[in-house]
Amino acid sequence: MAIHRLDQLFSPRRIAILGVSPNPESVGGRLLTNLIGGFRGVVYPVNPTSEAVLGIPCFSDLAALPNRPDLGVICAAAEQVPNLVRQCGEAGVLALVIVSAGFREIGPSGRALEDRIEAERRRFSGMRILGPNCLGFIVPHLNLNVSFANGRPKAGDIAFISQSGALCSSVLDWALSENVGFSYFISVGNALDVDFGDLIDFLGEDERTRSIVLYLESVTNARKFMTAARAFARTKPIVAYKAGRFPESAAAAASHTGAMAAADDVYAAAFQRAGIARIDRIGDIFDVVDLIGRQRKPRGPRLAVVTNAGGPGVIATDALIGAGGVLAGLREETRAQLDEILPPQWSHGNPVDVLGDARSKRFARAIEIVAQDSGVDAILVIVTPQAMTNPTSIAKAVGRVAGEIKQPILAAWLGGRSMAEGIEALNEAGVATFPTPEQAVQAFMTLMDYARNLEVLYETPREINVSLPVARAELRERYAALLGDAQTTLGEDTAKQLLAAYGIPVTSPQPCATADEAVAAAQTIGYPVVMKVHSPDITHKTDVGGVMLDLADAEAVRAAFARIIGAARTHAPNARLAGVTVQPQVRMRHGVELILGTRRDPVFGSVIMVGLGGTAAELFDDRAIGFPPLNERLARRMLESLKIWPLLSGYRGRPTLAVERLLEILFRLSYLVVDFPEIAELDVNPLLIGETDVVALDARVILDSSGAAPSAARYAHLALRPYPEEYVRQVELDGGLHVTLRPIKPEDEPLWFDLLRNCSRETLYQRFRYLFHWETHDIATRYCFIDYDREIAIVAEAQIEGNRQLLGVGRLTADPDVQTVEFAVLVADQWQDRGLGGCLTDYCLEISKRWGLARVIAQTTRDNARMLAIFEKRGFSAQYDASGMEVELIKELPR
């Protein structure tokens, strides 16, 4: 299957280099040298002013070529590139690499050139462009080096993708010295067309690629990036280094790639939600690549250390515990075996200090014994140069043992020249080597973070029913006009009306233009009251003296009115003052002030934030960021990551606060964010949480209607597709049973297990075509945790004897290009022959048409007469395999 039409780009048979220079040291000269040094296909240099380059005859233009190239590589001056792109399109060359620089990274003039390239690309259907301003790419297993880098790494199973060409060169040079291989080595440059999302999808279908390492400065299509990364990271690790963590470096990154950089904490939340492990130091790229590029991955977080010196073992332990790792506890039988082969002075625990006089045999035997311990997931071997140490001999012994045990070995050979030969021997044996124990531990923990992240992401959430007083579609209709016509900022009263409509408890402010009105409002509400300045221009009311608390009587209210108006005129002389608002003073025993809000990030769209609130919110910066839509587990994870979580969950005798109610409010805010793309920012500060309830004391909303432009795709303001409620439908089966057809969700895992328990072995075999062992959570996550952008499973739910039950499920899984979809259906034995299989099939075909798909493919067995009849009735054509037992059914859909 051609993913995003990238096959011709990365596996061409004929390549044309346009703008190649006769200078062998130029970019074009280096490209040609690299290509003819290993590429098995045909290379056409194209230059109208040169007869030959590096002894190879040149062609004047594309029309002069004897055969049409599969790939065009453009290395001409920037101003010539748009015209060359057009010539390639007209010649039918639809896969291009543009290594030329001088585009949006240099400013407006370069951006205009890049816009012209994009305009030319759009003229030719199916054209794909890598770059511009990139190094090119390398595919080692094809001996294909379409870059101007020095050297070609050996073939391996890591894909490296970078926005920085210079960093590509550095990583490549390191990989050559460390004997580390790659499946693909790709520089994306400005990513005008082919971007991270495209490449991750492509690599996800590549059997050679077992992991991806990213260096990125910005993301251009967040939705595509998140969808692709989530799909890949479910089964293979992705590790990312994000440049531009701070405002100053983000500005430099933006100027480097010409793309807008999002706030670093949003990127961190995005990586976490996608299952990407993040590294924070550029040097960690080399260490992590070294570890994941070896034969085995750690199976868990428990690390054993074998060393010939106590100090480095302590350093490794400190680094491990400090990073949240686990020092493996050795079993009694393991320690007994070590007692037999080690001197009496050994450490008798982990780290295993084999002492400074240890030779290679002692090291090797100690590692073998530790590896037999079921409580050890990985082993770090540390060697220091001591008087009786032969680092090279020990390295060869460690390399031999590494090929015989199940756990991966990490090695830290501490020293200089005396260690070089040993390190080389370890590299040749496929053992990951590190200059220090801390670097080894950090690389190990990066992979553990990846595993932990996936564990949390796919932990089954509890179902929390959130009912709204009015249907969400009606709420959207009711408030859309108000938000569309409103000023840039909504006042506190309007903002709270919106929150209340979604079931978020609020205090109701009463606007008052005069002191007399304020006194009357206070008497109606009941003392004590709170008074706040009422102005669309004042965001932080406390900063201008605009908040007065605990007003106990009319005299206090009048005094507060005068003080607030006076302070506002002093500190915000240009602000429009409408008076004040009066609302009840809320008291909660053991209450904690939080901040809850959302903002629309320029790259990743709307995000949700919760943290310590009140006037100290900015000072302590204790907050967590998440992406809507949220489920119970994701929302709880946000709360548990806060430093103030102990205060919420009960600390030193304090009562547990209304955390369940807070989770519900996070859900309600998530719904609001999904429904209203007009909201650029929303702050609830403070949100007061007590032992039994939560209430919003203040709120503001900033609008930007550009997020809800009619031309924008639905949910374009979100990085993740929310639960598709539009696919919920009520149907009636033969016999009068009422059934709800709806998309599956993670909370359905227990019901999904029950569905499979109600299926016979024959039914399961006909659906999955093998003896399907479904009884694990890992299997359930593949079927209940889905990305609604590319996949949907429609379950049939009914009330059976007072209990919810799933009767069947129809599943659609689209390819990354969303052109072809695989369909499968499963109906529990008890509910077969009731029309449910046909009902699910018809509904899934309807959804396929809504998605604009070209074809639907299904597979079954020849003896599944029931399903074959359903497919035949709906116009599927059948194709039998050589055995005659497996049947592929295809239905072309009208476009």
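Note that this is a predicted model, so its numbers are computed, not measured.

### Here's the deal with the overall build of the chain
From N to C terminus, the chain includes 29 helices and 39 strands. Compactness check: the chain gives a C-alpha radius of gyration of 32 Å against a globular reference of 29 Å for 895 residues, within 12% of the reference. With respect to the principal axes defined by its C-alpha atoms, the chain has extents near 95 × 75 × 70 Å. Residue burial in the chain is summarised as follows: out of 895 residues, 58% are buried. Restricting the contact set of the chain to residue pairs at least 6 apart, pairs at least 24 apart contribute 71%. Total accessible area on the chain is roughly 36,700 Å²; 49% of this is exposed by carbon and sulfur atoms. A gap of 2 Å separates the mean positions of the 92 positive and 107 negative side-chain charges of the chain.

### Quick look at the sheet that holds strand S1 (residues 14–18)
Strand order in the open sheet formed by 5 strands is S2-S1-S5-S6-S7, and the pairing between neighbours is parallel. Taken across any chain shown, the strands that pair with only one partner, and hence form the sheet edges, are strand S2 (42–46) and strand S7 (128–130). Direction aside, the axes of adjacent strands within the sheet are offset by 20° on average. Across 3 bridges, strand S5 (residues 71–74) lies against strand S6 (residues 95–98) in parallel orientation. Each residue of the ladder has a partner; that of Gly-72, found in S6, is Leu-96. The sheet strands contacting helix H2 (residues 27–36) are S1, S2 and S5, and the helix crosses S1 at an angle near 165°.

### Digging into empty space enclosed by the protein
This model, assessed by the stated rule, comprises 2 cavities of 30 Å³ or more. A volume near 70 Å³ is recorded for the largest cavity. Every residue lining the largest cavity is listed: Trp-752, Leu-756, Arg-767, Phe-768, Tyr-783, Val-809, Gly-810, Arg-811, Ala-824, Val-825 and Leu-826. When contributions to the lining of the largest cavity are tallied by element, the ones reaching two or more residues are helix H25 (749–757), helix H26 (761–768), strand S35 (803–814) and strand S36 (820–827). Grouping the amino acids of the lining of the largest cavity by side-chain chemistry returns 8 nonpolar, 1 polar and 2 charged. The volume enclosed by the second largest cavity comes to roughly 40 Å³. Looking at the second largest cavity, the residues that line it are Asp-195, Phe-196, Gly-197, Val-219, Thr-220, Asn-221 and Phe-225.

### Some words on the sheet that holds strand S11 (residues 182–187)
An order of S9-S8-S11-S10-S12-S13-S14 is seen for the 7 strands of this open sheet, with the pairing classed as mixed. Of all the strands in the sheet, the pair left with one neighbour each is strand S9 (144–147) and strand S14 (277–279). If you compare each strand with its neighbour and ignore which way they point, the axes differ by 15° on average. The pairing of strand S12 (residues 211–216) with strand S13 (residues 238–242) spans 5 bridges and is parallel. Bridging across to S13, Leu-214 finds its partner in Ala-240. Strands S12, S13 and S14 of the sheet are contacted by helix H9 (residues 264–274), whose axis makes an angle of about 180° with S13.

### A look at the pattern of salt bridges
Under the definition given, this model contains 69 salt bridges. A salt bridge links Glu-118 to Arg-122; the shortest N-O distance between them is 2.8 Å. Taken together, the residues Glu-118 and Arg-122, both in helix H4 (residues 108–123) and 4 residues apart, mark about one turn of the helix. Owing to a relative accessible area of 13%, Glu-118 belongs among the buried residues under this scheme. By relative accessible area, which is 64% here, Arg-122 ends up exposed. Here Asp-201 and Arg-790 are joined by a salt bridge, their closest N and O atoms 2.4 Å apart. Linking Asp-201 in helix H6 (residues 196–204) with Arg-790 in the loop between helix H27 (777–784) and strand S34 (791–800), this pair joins segments that are 589 residues apart in sequence. For Asp-201, a relative accessible area of 5% gives the class buried. One network of salt bridges, in which partners are shared, links Glu-118, Arg-121, Arg-122, Arg-128, Asp-193, Asp-195, Asp-198 and Lys-224.

### Regarding the nonpolar core
Core analysis: the largest hydrophobic core is formed by 234 residues, its most contacted members being Phe-137, Phe-225, Phe-604 and Trp-752. Among the nonpolar cores identified, the runner-up in size contains 35 residues, and Ala-366, Ile-379, Val-383 and Trp-413 belong to it.

### Here we look at the packing of helix H12 (residues 332–341) against helix H13 (residues 360–371)
In a packed pair of helices, the relevant descriptors are the angle between the two axes and the axis-to-axis distance. Two elements in contact, H12 and H13, have axes whose closest approach is 9 Å; the angle formed by their N-to-C orientations is 165°. In this view, H12 runs roughly antiparallel relative to H13, as classed from their interaxial angle. Between H12 and H13 lies a crossing of right-handed hand. Mapping the contact onto sequence places Thr-334, Gln-337, Leu-338 and Ile-341 in H12 and Arg-362, Arg-365, Ala-366, Ile-369 and Val-370 in H13.

### Things to note about helix H18 (residues 492–501)
Along H18, 7 of the 10 residues are buried, which leaves the element largely enclosed by surrounding structure. All of the buried residues along H18 are Glu-492, Thr-494, Ala-495, Lys-496, Leu-498, Leu-499 and Ala-501. Once H18 finishes, Gly-503 follows within two positions and takes phi at roughly 80°, a positive value.

### Side note on the confidence of the model for the chain
Predicted confidence across the chain gives a mean pLDDT of 90, with 96% of residues reaching 70 or more. Highest mean pLDDT in the chain belongs to S6 (98); lowest belongs to helix H8 (residues 247–257) (49).

### Here's the deal with the packing of helix H10 (residues 282–292) against helix H16 (residues 437–457)
Put simply, H10 and H16 touch, their axes get as near as 9 Å, and they point 65° apart. Classified by the angle between their axes, H10 and H16 sit roughly perpendicular to one another. Pair H10 / H16 crosses with right-handed handedness. Along the contact surface, H10 presents Asp-284, Asp-287, Val-288, Leu-291 and Ile-292, while H16 presents Gln-439, Gln-442, Ala-443, Phe-444, Thr-446 and Leu-447. Looking at the contact of H10 with H16 residue by residue, the class counts come to 6 nonpolar, 3 polar and 2 charged.

### Things to note about the packing of aromatic side chains
Aromatic ring pairs are reported here in terms of the distance separating the ring centres and the angle at which the planes meet. Per the counting criterion, the structure on display carries 21 aromatic pairs. Here the aromatic rings of Tyr-267 and Phe-271 are separated by 6.1 Å at their centres, their planes lie at 55°, and the arrangement is tilted. Note that Tyr-267 and Phe-271 are positioned in helix H9 at a spacing of 4 residues, about one turn of the helix. Judged by relative accessible area, Phe-271 falls into the buried class, the value being 1%.

### Here we look at the environment of Ala-480
Topologically, Ala-480 is positioned in helix H17 (residues 472–485). The spacing of Ala-480 and Phe-676 is 196 residues in sequence and 7.9 Å in space, taken between C-alpha atoms.

### Re the environment of Val-194
Summarising the element assignment, Val-194 is placed in the loop between S11 and H6. Classification of Val-194 by relative accessible area gives buried; the value is 0%. C-alpha of Val-194 to C-alpha of Thr-861: the two residues are 667 residues apart in sequence and 39 Å apart in space. Apart from residues lying up to four places away in sequence, Val-194 is in contact with Leu-6, Arg-128, Ile-129, Leu-130 and Leu-199.

Reading the values: rules and limits
- Residues numbered from 1 in each chain as written.
- Predicted model: local features only at pLDDT ≥ 70, side-chain atom pairs only at ≥ 80, totals over all residues.
- Heavy atoms only, no water.
- Helix = DSSP H or I, 4+ residues; strand = E, 2+ residues; numbered from the N terminus.
- Rg over C-alpha atoms; globule rule 2.2 N^0.38 Å.
- Buried < 20%, exposed > 50% of the residue type's maximum accessible area, 1.4 Å probe, protein only.
- Contact = heavy atoms within 4.5 Å.
- Areas by Shrake-Rupley, 256 points an atom, 1.4 Å probe, with all protein chains shown as cover.
- Lys, Arg positive; Asp, Glu negative; His and termini not counted.
- Charge placed at Lys NZ, Arg CZ, Asp CG, Glu CD.
- Pairing = 2+ DSSP bridges.
- Axes fitted to C-alpha atoms, helices over the stretch in contact; angles between N-to-C directions.
- 1 Å grid on protein atoms, 1.4 Å probe; cavity = no way out; pocket = protein on both sides within 12 Å on 5 of 7 lines; lining within 4 Å.
- Points joined across faces, edges and corners; volume = space filled by probe spheres on them.
- Nonpolar A, V, L, I, M, F, W, Y, C, P; charged D, E, K, R; others polar.
- Salt bridge = Lys/Arg side-chain N within 4 Å of Asp/Glu carboxyl O.
- Core = buried A, V, L, I, M, F, W, Y, C linked by side-chain atoms within 4.5 Å.
- Parallel < 35°, antiparallel > 145°, perpendicular 65-115°, else oblique.
- Left-handed = near helix turned anticlockwise from the far one by under 90°.
- pLDDT = per-residue confidence, 0-100.
- Phe/Tyr/Trp six-rings, centres within 6.5 Å; stacked < 30°, edge-to-face > 60°.

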